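Single-letter residue listing:
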Amino acid sequence: MIRPLIAGTAAALAFAATPAAAQQDPVDGNCATRAGVSLYVNVTGLKDRTGRLKLELYPPNETDFLRDDTSLKKENKPFRRIWATVPQSGPVRLCIRAPQAGTWAVLFTHDRDGKNKFNFWEDGAGFPSNQKLGRSRPKVRQALVNVGPGGGQITIRAQYLRGLGGFGPLDD
């Protein structure tokens, strides 16, 4: 019973964390590219300083949340992704641009091995609500954030697989 729940969570995160065209995504994580409203994301609780970090921004509804970016783009739905190298020390601050002010769904992932495929045994994930992810598929309500016309700032605490309890922060 536990294995299917963990596998379901992992499948949802893996699907969302597999970029269709990573080479086309901004790789600086500092909002230097693309138009839109800046959302700064402070990340805490990283397991280590390896690999790459990724932020993705989705429409704020359950249907589109964690859908493949190719499908969203084909349907002219807003989707954004940025990649950043993990800083070797100091605070971790990323920036992604929302197409416009409003409510958006945000996913953070820590791709520790840099393979562009979510490995639920090793990689981390997080959402703006900072609720423990556990074993179930993440819900859009956990990922929602309001971005004002002047931009915004949030903090996301990274979570990693923690045994039978599923995903959770390392400092619990």
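Look above for the structure.
These numbers come from a predicted model, not from an experiment.

Novice: I keep staring at unusual backbone geometry and nothing clicks. Help me out?
Specialist: The bulk of non-glycine residues show a negative phi, and the bulk of peptide bonds are trans. Its identity as a non-glycine residue notwithstanding, L66 has a phi of 70°, on the positive side. Tracing the backbone shows L66 in the loop between β2 (52-58) and α2 (69-74). Look at L66 and you get buried, because its relative accessible area is 2%.

Novice: Explanation requested: the packing of aromatic side chains in the structure shown.
Specialist: Remark: the centre distance and the inter-plane angle together describe each pair of aromatic rings, the angle taken between the planes. On inspection of all chains with the given rule, the structure shows five aromatic pairs. With centroids separated by 5.2 Å and ring planes inclined at 70°, the aromatic side chains of Y58 and F79 adopt a geometry described as edge-to-face. In this pair, Y58 is assigned in strand β2 and F79 in the loop between α2 and β3 (80-85), connecting sequence segments 21 residues apart. Relative accessible area serves as the criterion here: at 1%, Y58 is assigned to the buried category. Owing to a relative accessible area of 6%, F79 belongs among the buried residues under this scheme. The structure contains a cluster of three or more aromatic residues connected by ring pairs, namely Y58, F65, F79 and F127.

Novice: For this particular structure, what's the right way to read the state of the cysteines?
Specialist: Linking two cysteines covalently via their sulfur atoms produces the bond known as a disulfide. Scanning the model with the defined rule gives one disulfide in all. Each sulfur in the disulfide pair C31 and C95 lies 1.8 Å from the other. The disulfide joining C31 to C95 has a torsion of about -80° about its S-S bond and is therefore left-handed. With a gap of 64 residues between them, C31 in the loop between α1 (2-17) and β1 (37-44) and C95 in strand β4 (residues 92-98) connect regions that are remote in the sequence. Residue C95 is classed as buried on the basis of its relative accessible area of 1%.

Calculation notes
Residues numbered from 1 in each chain as written. Predicted model: local features only at pLDDT ≥ 70, side-chain atom pairs only at ≥ 80, totals over all residues. Heavy atoms only, no water. Helix = DSSP H or I, 4+ residues; strand = E, 2+ residues; numbered from the N terminus. Buried < 20%, exposed > 50% of the residue type's maximum accessible area, 1.4 Å probe, protein only. Phe/Tyr/Trp six-rings, centres within 6.5 Å; stacked < 30°, edge-to-face > 60°. Disulfide = S-S within 2.5 Å.

Everything listed here is a matter of coordinates, which is why it stays silent on function.
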